[in-house]
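Take a look at the letters that make up each chain.
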Amino acid sequence: MSSHSPITREWFDQVMVLNYAPAAIIPVRGEGSRLWDQEGRDYIDFAGGIAVTGLGHAHPQLLAALTEQAQKLWHVSNVLTNEPALKLARRLCDLTFAERVFFANSGAEANEAALKLARKYASDHFGADKHEIIAFTQSFHGRTLFTVTVGGQPKYTQGFEPLPPGVTHVPFNDLDAFATVISDRTCAVIVEPVQGEGGVTCATPEFLQGLRELCDRHQALLIFDEVQCGNGRSGHLYAYMAYGVTPDILATAKGLGGGFPISAMLTTTAIAESLNVGSHGTTYGGNPLGCAVANAVLDLISDPELLAGVQRKHEVFMAGLRRINEQFHLFRELRGMGLLLGCELIETWRGRSREFIKAALDEGLLVLVAGPDVIRLAPSLIIPDELIEEGLQRLERAIARLLSPTAA
Ligand SMILES: *Cc1c(COP(=O)(O)O)cnc(C)c1O
């Protein structure tokens, strides 16, 4: 097979590392909340590239920002600074609790920076004994060895041992369990305000408030991983704002670039001091292209009207999903925040969430899963109501077909 023959899905199995199992179709174009594959077939996008394309595909303002910057300057490295990065950092500080920003390229890298900063800060101020990190079961923080160790899903660390030491896991939303393990040796606690990969589970307000109080009591830093739930997805610019609980460090990525890889770690001046010159870095972090796009994203997602729209669209989705469930009795719980939605399957369908990806695809709809028992939706934050309805109709047909294969 030469590189000039038509590109097909079979190529994947021939030349790619098989750590993914992508669907049979190859999308070639996207606009708003629709994608088209090589055959010209259309798909409604309830997946958003895993909660990334929060403004849909080919948004005119993002396209303009990217192409305008592309004609000026792509990359200078961190030996120099650049205007888009400084502007983006300034605006993130204006819009959030942050006083300092570190840019990277992925969620894992933002969390890696957060965890390294917490270790360094504790080492600077309290000594080497204060190094323990507490995280929560079912959490997901990325795939570097450190972040995968901190993540609370053992299936992702198996075979990669030895793992970095000093990490403890306790059940999510269980403040009593947490209270028994936090101590003066704890340097940081990392939590997703809304667990994404782990099943779309929202933290309770009491849980996050309790973490904040106990972290303060033990002088541990509280890290919020808002890689997935941040950037407007919760219906608030960042989910911590909805909870009224402010972290010491916040990591975000996914929606920040709307599809261009960029991530950020936000923190305070006092904490940021521990990452002094030379202590941490990345070649591409804060590159002009990514920052120019993220500035355009931030323009749009910080608009209160857009955020109110996310909360309204949440209700549209929930009403539609409840309607589907009245018909099929497939979901034991519908949950989530803003446009991060989880449909937990009933007992008899447990472990089979992936079958719905395929069934939906056959009906022209992209959905996600969050573990084996939950169908996850993470559409564009500005998906038109008509497309929500059309997508839900496709979902309904997919479910009908899956539940009684001979009928449909
Ligand atoms: C996706 C995700 C990550 C990892 O982000 P990458 O860009 O894949 O490295 C980390 N934390 C959360 C909560 C995520 O959803």
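Please read these numbers as outputs of a predicted model, since none were measured by experiment.

Rules behind the numbers
Residues numbered from 1 in each chain as written. Predicted model: local features only at pLDDT ≥ 70, side-chain atom pairs only at ≥ 80, totals over all residues. Heavy atoms only, no water. Helix = DSSP H or I, 4+ residues; strand = E, 2+ residues; numbered from the N terminus. Rg over C-alpha atoms; globule rule 2.2 N^0.38 Å. Contact = heavy atoms within 4.5 Å. Areas by Shrake-Rupley, 256 points an atom, 1.4 Å probe, with all protein chains shown as cover. Pairing = 2+ DSSP bridges. Expected span 1.5 Å × (residues − 1). Buried < 20%, exposed > 50% of the residue type's maximum accessible area, 1.4 Å probe, protein only. Domains from an automatic or database assignment. Buried area = accessible area lost by both parts, 1.4 Å probe. Salt bridge = Lys/Arg side-chain N within 4 Å of Asp/Glu carboxyl O. Polar contact = N/O pair within 3.5 Å; in protein donor to acceptor, adjacent residues only side chain to side chain. Nonpolar A, V, L, I, M, F, W, Y, C, P; charged D, E, K, R; others polar.

A closer look at the overall build of the chain
Working step 1: The secondary structure content of the chain amounts to 14 helices and 17 strands.
Working step 2: What you see for the chain is a C-alpha radius of gyration of 21 Å, in line with the 22 Å of a compact globule of 408 residues.
Working step 3: Pairs at least 24 apart in sequence give 70% of the contacts found in the chain among residues at least 6 apart.
Working step 4: Of the roughly 18,300 Å² of accessible surface on the chain, a fraction of 54% belongs to carbon and sulfur atoms.

A short note on the sheet that holds strand β3 (residues 42-45)
Working step 1: Across the sheet, which stays open at both edges, the 4 strands sit in the order β1-β2-β3-β15 with mixed pairing between neighbours. At either margin of the open sheet sits one strand with a lone partner, and together these are β1 (27-31) and β15 (365-366).
Working step 2: As paired strands, strand β2 (residues 34-37) and β3 are joined by 3 bridges and run antiparallel to one another. Residue pairing across strands places R34 opposite I44, the latter belonging to β3.

Regarding helix α11 (residues 288-301)
Working step 1: Under the 1.5 Å per step criterion, the end-to-end length of α11 is 20 Å for 14 residues, consistent within 8% with the ideal 20 Å.
Working step 2: Within α11, 13 of the 14 residues are buried, leaving the element largely enclosed by the surrounding structure.

As for the domain arrangement of the chain
Much of the literature gives interface size as the accessible area that the parts lose upon coming together.
Working step 1: Under the domain assignment, the chain is made up of domain 1 (10-58 + 304-403) and domain 2 (73-301).
Working step 2: Computed from C-alpha coordinates alone, the two centres of domain 1 and domain 2 are separated by 27 Å.
Working step 3: Between domain 1 and domain 2, the residue contacts involve 25 residues of the former and 25 residues of the latter.
Working step 4: Approximately 2,000 Å² of surface area, both sides summed, lies buried where domain 1 meets domain 2, with 63% of it carried by carbon and sulfur atoms.
Working step 5: Here domain 1 and domain 2 share 1 salt bridge between them.
Working step 6: With a shortest N-O distance of 2.9 Å, E197 and R376 are connected by a salt bridge.
Working step 7: Where domain 1 packs against domain 2, one counts 7 residue pairs in polar contact (both at pLDDT 80 or more).
Working step 8: At the level of secondary structure, the elements contributing two or more residues to the side of domain 1 that touches domain 2 comprise α2 (48-51), α12 (304-328), β13 (331-337), β14 (340-345) and β17 (374-377).
Working step 9: It is α12 that contributes the most residues to the side of domain 1 that touches domain 2, 4 residues altogether.
Working step 10: When grouped by side-chain class, the residues that make up the side of domain 1 that touches domain 2 number 16 nonpolar, 7 polar and 2 charged.

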